[in-house]
Amino acid sequence: MTQDSPHDKPAATPAASGEAKLWGGRFSEPTDAFVERFTASVDFDWRLYREDIQGSQAHARMLAKVGVLTEAEAGEILAGLDAIRDEIAAGEFDWQVGREDVHMNIEARLIERIGDVGKKLHTGRSRNDQIATDIRLWLRAAIDDVLRLIRGYQDGLVALAEREADTVMPGFTHLQTAQPVTFGHHMLAWYEMLERDAERLRDTRRRVNILPLGAAALAGTPYPLDREYTAELLGFDSVTRNSLDAVSDRDFAIEFTAAAATLMMHLSRQAEELVLWTSAQFAFIELPDRYCTGSSIMPQKKNPDVPELVRGKTGRVYGHLMSLLTLMKSQPLAYNKDNQEDKEPLFDTVDTLLGSLRAFGDMVPNLEVRRENTLAATRKGFATATDLADYLVGRGVAFRDAHEVVGRAVRIAQERGVDLAELPLADLQAISPAVGEDVFTVLTPEGSAAARNLTGGTAPEQVRRQAAAAREHLAALARADR
Ligand code: ARG
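Calculation rules
Residues numbered from 1 in each chain as written. Predicted model: local features only at pLDDT ≥ 70, side-chain atom pairs only at ≥ 80, totals over all residues. Heavy atoms only, no water. 1 Å grid on protein atoms, 1.4 Å probe; cavity = no way out; pocket = protein on both sides within 12 Å on 5 of 7 lines; lining within 4 Å. Points joined across faces, edges and corners; volume = space filled by probe spheres on them. Helix = DSSP H or I, 4+ residues; strand = E, 2+ residues; numbered from the N terminus. Nonpolar A, V, L, I, M, F, W, Y, C, P; charged D, E, K, R; others polar. Expected span 1.5 Å × (residues − 1). Buried < 20%, exposed > 50% of the residue type's maximum accessible area, 1.4 Å probe, protein only. Polar contact = N/O pair within 3.5 Å; in protein donor to acceptor, adjacent residues only side chain to side chain. Near = heavy atom within 4 Å. Areas by Shrake-Rupley, 256 points an atom, 1.4 Å probe, with all protein chains shown as cover. Patch = residues over 30% accessible without salt bridge, like charges linked within 9 Å, V, L, I, M, F, W, Y side chains within 5 Å. Salt bridge = Lys/Arg side-chain N within 4 Å of Asp/Glu carboxyl O. Lys, Arg positive; Asp, Glu negative; His and termini not counted. Charge placed at Lys NZ, Arg CZ, Asp CG, Glu CD. Axes fitted to C-alpha atoms, helices over the stretch in contact; angles between N-to-C directions. Parallel < 35°, antiparallel > 145°, perpendicular 65-115°, else oblique. Left-handed = near helix turned anticlockwise from the far one by under 90°. Contact = heavy atoms within 4.5 Å. Phe/Tyr/Trp six-rings, centres within 6.5 Å; stacked < 30°, edge-to-face > 60°. Lys NZ or Arg CZ within 6 Å of the ring centre and 35° of its normal. Pairing = 2+ DSSP bridges.

Draft legend 1. Main features of empty space enclosed by the protein. As enumerated under the stated definition, the model contains four cavities of 30 Å³ or more in all. Put simply, the largest cavity is a space of about 40 Å³. Around the largest cavity sit Asp-52, Ser-56, Leu-81, His-103, Ile-106, Glu-107, Leu-110, Leu-121, Arg-125 and Gln-130, which together line it. Elements represented by at least two residues in the lining of the largest cavity include exactly helix H3 (49–65) and helix H5 (102–114). Top element by residues in the lining of the largest cavity is H5. It accounts for four residues. Residues of the lining of the largest cavity, tallied by class, amount to four nonpolar, three polar and three charged.

Draft legend 2. Summary view of helix H6 (residues 127–163). With 37 residues, H6 extends 53 Å between its outermost C-alpha atoms, agreeing within 8% with the 54 Å of an ideal straight helix rising 1.5 Å per residue. Most of H6 is tucked away: 26 of the 37 residues are buried. A side-chain oxygen of the first residue of H6 lies 2.8 Å from the backbone nitrogen of Asn-128; this N-cap is Ser-126.

Draft legend 3. Representation of the site of the ligand. Around the ligand, the neighbouring residues are Ser-41, Asp-45, Asp-101, His-103, Arg-127, Asn-128, Ile-131, Tyr-335, Gln-340 and Lys-343. Here the ligand, which alone exposes 340 Å², has 86% of that area covered by the protein. Examining the composition of the shell around the ligand, we find that three residues originate from one element, H6, more than from any other. Looking at the shell around the ligand, its residues break down into two nonpolar, four polar and four charged.

Draft legend 4. View of a negative patch on the surface. On the surface, Asp-43, Asp-338, Glu-341 and Glu-344 cluster together into a negatively charged patch. Looking at where Asp-338 falls in the secondary structure, it is placed in the loop between helix H11 (305–328) and helix H12 (343–363).

Draft legend 5. Structural detail: a nonpolar patch on the surface. A cluster of nonpolar side chains, Phe-34, Val-35 and Phe-38, forms an exposed patch at the surface whose accessible area comes to about 340 Å². Residue position: Phe-38 is located in helix H1 (residues 33–39). Classification of Phe-38 as exposed rests on a relative accessible area of 64%.

Draft legend 6. A look at the environment of Ser-432. Tracing the backbone shows Ser-432 in the loop between helix H16 (425–431) and helix H17 (439–443). Accessibility expressed as a relative area gives 6% for Ser-432, which makes it buried. C-alpha of Ser-432 to C-alpha of Ala-161: the two residues are 271 residues apart in sequence and 38 Å apart in space.

Draft legend 7. Looking closely at unusual backbone geometry. Following Leu-333, the chain continues into Ala-334 via a peptide bond in cis, with omega recorded as 0°. Tracing the backbone shows Ala-334 in the loop between H11 and H12. Of note, Glu-100 is a non-glycine position whose phi angle comes to about 70°, a positive value. As for its position among the elements, Glu-100 is in the loop between helix H4 (71–89) and H5. For Glu-100, a relative accessible area of 10% translates into the label buried.

Draft legend 8. Molecular detail of the packing of H3 against H6. Closest axis-to-axis distance for the H3/H6 pair is 9 Å, and the angle between their directions is 120°. When the axes of H3 and H6 are compared, the pair comes out oblique. By crossing handedness, the relation of H3 to H6 is classed as right-handed. The residues of H6 that touch H3, namely those facing Glu-51, Asp-52, Gln-54, Gly-55 and Ser-56, are Gln-130, Asp-134, Leu-137, Trp-138 and Arg-140.

Draft legend 9. Quick peek at the pattern of salt bridges. This model, assessed by the stated rule, comprises 41 salt bridges. Residues Asp-144 and Arg-205 are paired through a salt bridge, measuring 2.8 Å at the closest nitrogen-oxygen approach. One end of the pair, Asp-144, is in helix H6; the other, Arg-205, is in helix H7 (residues 183–208), and 61 residues separate them in sequence. The salt bridge partner of Asp-145 is Arg-148, with a shortest N-O separation of 2.9 Å. You can see Asp-145 and its partner Arg-148 sitting in helix H6, three residues apart, about one turn around the helix.

Draft legend 10. How the structure looks around the packing of aromatic side chains. The tally for this structure, following the rule as stated, stands at 10 aromatic pairs. Ring plane angle 85° and centroid distance 6.1 Å describe the contact between Tyr-153 and Phe-360, whose orientation is recorded as edge-to-face. Taken together, the residues span a long stretch of sequence, with Tyr-153 in helix H6 and Phe-360 in helix H12 at a distance of 207 residues. With respect to burial, Tyr-153 and Phe-360 carry one shared label: buried. An angle of 80° between the planes, with centres 5.2 Å apart, marks the rings of Phe-282 and Phe-284 as edge-to-face. Among the residues examined, Phe-284 registers a relative accessible area of 2% and is labelled buried. Site record: aromatic cluster; members linked through ring pairs are Phe-172, Phe-183, Trp-190, Trp-277, Phe-282 and Phe-284. A cation over a ring is seen here: Lys-65 above Tyr-229, with NZ or CZ 4.8 Å from the ring centre.

Draft legend 11. Highlighting the pairing of strand E1 (residues 168–173). Looking at chain direction, E1 and strand E2 (residues 176–182) are connected through six bridges and run antiparallel. Looking at E2, one finds that Gly-171 is bridged to Gln-179. Where E1 hands over to E2, the hairpin turn is made up of two residues, of which His-174 adopts a positive phi near 60°.

Keep in mind these values describe shape, not function.
The following block contains the structure:
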């Protein structure tokens, strides 16, 4: 059983009665039982156990390298920590609220397992630089997971765009029919949103991937630590340059959550369109049944629960961003216990992103476009009115005059309940003598879309070109990942 899901986390057991605290030396009475519970973080920070152990093992190896520990001592510590990681992964670890947090649960267990040598691990280190390191390691891996899912979703969008490059649908402004666009073009718009989200996350990752260990509690440590060596062992790009800053600031988590909020905002926009498009009134698409649910009372219902839920979950990520910003606001240097509150918002942000991206990455590429409906919808609402005006401009009419003329044509068509393309040639020529027999080619939605054949335009040819470029970009990113 893995403990990666918050739903199957091991419950922390009540405080071991009267166990001496690892920091208990200066205290004259035990911690109040309520306070112990109130201040503990193990209920949620247990999720950092892999990173905590990874960080401790690198620290121990570094301590041996600089001669603070003997190789034999470091070896015992490394093996003890390996065994503890196995215990935790197997669900056999006894998490204790009395031991407060993930760090002291693991350290206390290490001392239980290997004896006094275990007490040497914490040399030249504080929980303050330890937690800062743990979060950075955890968030770095989380960002990589999110980036992989974004890329998978983008891959799917590109494939869908290619499949639907020629599919015409109404493009909207103000949610009113504006001009014909291609469905593929619309999917590539979603792709671009995600591409910027991925760029923001890659950029954030550079500022996450810096090692705080060595900052100790706040001022650094007199031990001759080789911080660069620890950084190398843990895959950090560099070490923090100021110990006070290193233990206190969580701006990297804020930055990540801001990027996450923007990503969720984008998913909520996509969700909204999916919900609209599945309605009987639009009927543009069909979502895979496995992503929908029925109604207990209305037999005809197929509800787009997944997009609705993603749209709704956007709210919690916005909330987490506000929590973290407020948590950090006005904090004096250096570490303050306030920062313990950074974890739950951060964890939930990552869980929400992973879940939402996983769902969209499979659901959207597998949707079915009801092409006859998108085409029929494009024929309503005079989507080619601009094309008619452009046509007249091509025949020497000034654009403002053309606009006026087409407005009159739209009114006539509306009165008769027909589309512009259905008006007889004679009627169009009565409105403007500039109209020729070839006018009907520009009045079709397909002709309108195909005419917008410039970089970034909606023409099928452009969609194929952009999709090919996107494919190449994604493949290059995937190669760089190995
Ligand atoms: N649980 C703490 C946190 O999440 C770890 C650091 C505690 N440091 C301290 N001096 N109490 O921030």
